[in-house]
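Chain by chain, the residues:
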Amino acid sequence: MKVLVVGGGGREHALVWKLSQSPVVERIYCAPGNPGIAQLAECVPLAADDLDGLAAFAEKYGIDLTVVGPEIPLVMGIADLFKKRGLALFGPEAGAALLEGSKAFSKKMMREKDIPTASFAVFDDADAARAYITDYEDFPVVLKADGLAAGKGVLICADKAEALRGVDRILADKSFGNAGNTLVVEQFIRGDELSLFVLTDGRRYLILPPAQDHKKIGEGDTGANTGGMGAYAPAPSGDKTLLRKVAAQVIEPTLEAMRDMGHPYRGLLYVGLIIRDGIPWVLEYNCRFGDPETQAVLPLIEDDLAPVFLQIARGKLETEKLAVAAQCAFDVVLASGGYPEAFQKGHVIQGLKDVADDVLCFHAGTVLKEGQLRTAGGRVLNIVALAEDFPAAAGKAYEAIGKIHFKDMYYRRDIGYKILEK
Ligand code: GLY
């Protein structure tokens, strides 16, 4: 089968890497891809949000399956467009992708279905939101721009003054553009975060090994939020007891709600959880694989995912179980100095060829220029190692990182610190 992967980051490199091992996949294209992906697939110069261009490409090149990485094309309706044109695509239609596309929509759905989630209020009007915050007592409080804001639309406000400024940033100043036309104000819940990936046709589902992301830029989970600075899987907090609760209290009611609304969820449902006192509270849903969690999760899956994606794209998940390696996967993100604020690009990346063969280097923000691999984004590379336990996997990943260099390279040296300390 011919496969088209949409996107060009570390997540898509991991997807292409996994699909490239499939005996049923004869050719992979990736739009737009990156230099790492180009070693496994043919990269095509189409942007991930060029829906018409992607559909025309899939028709012209006889693509049997399109797998979408990022959320934007899904929320824009790429699955609807491909369906109309009779093209198989793995990813939810726009009505289902709203679970990520609108935080107010997903919070209201959770409230209706009694899914554990923080209490919240929704506002379109800045004066009403200010009045609500003025009477609010339970700080910190979370402010979320309703729509997609490239992972930046969430503010955790320590006190009333900060929260009032946050309301103005989102609703009045439109710092996150139209994503901030609506504001969700949410209770802050402390606990352990967990990322859970669910492959589903809207009714049947498979849960992938749970992962833990590190969203903060600084060690000890401090500083600004990023797209994610590292991840590991399977996260020990996602044990069998917890996963049974998540299935019953979160996944099944969510899928039922989407079916009842006439938008069955077909694709990868990412459930962002916070675990407190054994209760899986839903922080958010995403309508696509997480980045960098995917880079740690996919290397653990022993079975071929191409047939699973195709079954879901055709509307019926038939695979009942996926074989998972009894190993631990550890991913450290190498970022450009300054990220997630302003950073320089174009620095030469050295040392990748010295990394041990059993360590995976998934490219995120890289470019080939004048024959040299250079930095081209905030998150540049993911270094992923597998081993029989987390200390060994972490040791392998950090040893590999010791061989890689680019100017101002930054990475967290404490990925997995909570489990490694134990
Ligand atoms: N790692 C967080 C995300 O993909 O949204």
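Residues numbered from 1 in each chain as written. Predicted model: local features only at pLDDT ≥ 70, side-chain atom pairs only at ≥ 80, totals over all residues. Heavy atoms only, no water.

A. Fine view of the pairing of strand β15 (residues 230-233). The two faces of β15 match: G230 and Y232 on one face and A231 and A233 on the other face are all buried. When strand β12 (residues 212-213) meets β15, the two strands line up antiparallel, connected through 2 bridges. What sits directly across from Q212, in β15, is Y232. (Buried < 20%, exposed > 50% of the residue type's maximum accessible area, 1.4 Å probe, protein only. Helix = DSSP H or I, 4+ residues; strand = E, 2+ residues; numbered from the N terminus. Pairing = 2+ DSSP bridges.)

B. Representation of empty space enclosed by the protein within the structure. In this structure the tally under the stated criterion is 3 cavities of 30 Å³ or more. Space inside the largest cavity adds up to approximately 50 Å³. Ranked by the residues each element gives to the lining of the largest cavity, the list is headed by helix α13 (residues 417-421), at 3 residues. The residue makeup of the lining of the largest cavity, split by class, is 3 nonpolar, 3 polar and 3 charged. Reported here for the second largest cavity is a volume of approximately 40 Å³. Taken together, the elements giving at least two residues each to the lining of the second largest cavity come down to β10 (192-200), β16 (267-276) and β17 (279-286). Split into classes, the residues belonging to the lining of the second largest cavity amount to 4 nonpolar, 2 polar and 3 charged. (1 Å grid on protein atoms, 1.4 Å probe; cavity = no way out; pocket = protein on both sides within 12 Å on 5 of 7 lines; lining within 4 Å. Points joined across faces, edges and corners; volume = space filled by probe spheres on them. Nonpolar A, V, L, I, M, F, W, Y, C, P; charged D, E, K, R; others polar.)

C. How the structure looks around helix α5 (residues 94-101). Within α5, 6 of the 8 residues are buried, which leaves the element mostly enclosed by the surrounding structure. Turning to α5, its buried residues are G95, A96, A97, L99, E100 and G101. Looking at the packing, one finds that the buried side of α5 touches α3 (71-76), α6 (103-113), α9 (240-260), β16 and β17. (Contact = heavy atoms within 4.5 Å.)

D. Here's a closer look at the site of the ligand. Looking at the ligand, the residues that line it are D213, K215, G227, Y270, N286, R288, G290, D291, P292 and E293. Contact with the protein chains hides 89% of the accessible area of the ligand, taken as 200 Å² for the molecule alone. Tallied by class, residues from the shell around the ligand come to 2 nonpolar, 3 polar and 5 charged. (Near = heavy atom within 4 Å. Areas by Shrake-Rupley, 256 points an atom, 1.4 Å probe, with all protein chains shown as cover.)

E. Summary view of the state of the cysteines. Scanning the model with the defined rule gives 0 disulfides in all. Free cysteine: C328, not disulfide-bonded; nearest cysteine sulfur from C361 at 20 Å. Given a relative accessible area of 11%, C328 falls into the buried group. (Disulfide = S-S within 2.5 Å.)

F. Highlighting the nonpolar core. In this structure, V271, Y285, F330 and I383 are the most contacted members of the largest nonpolar core, which totals 74 residues. A total of 8 residues in this core trace back to one element, the largest contributor, which is α9. Dropping the residues within four chain positions of it, I383 is found in contact with F330, D331, V332, L334, V359, L360, C361, A397, A400, I401 and I404. Listed in part, the 44 residues of the second largest apolar core include C30, A41, F197 and L208. (Core = buried A, V, L, I, M, F, W, Y, C linked by side-chain atoms within 4.5 Å.)

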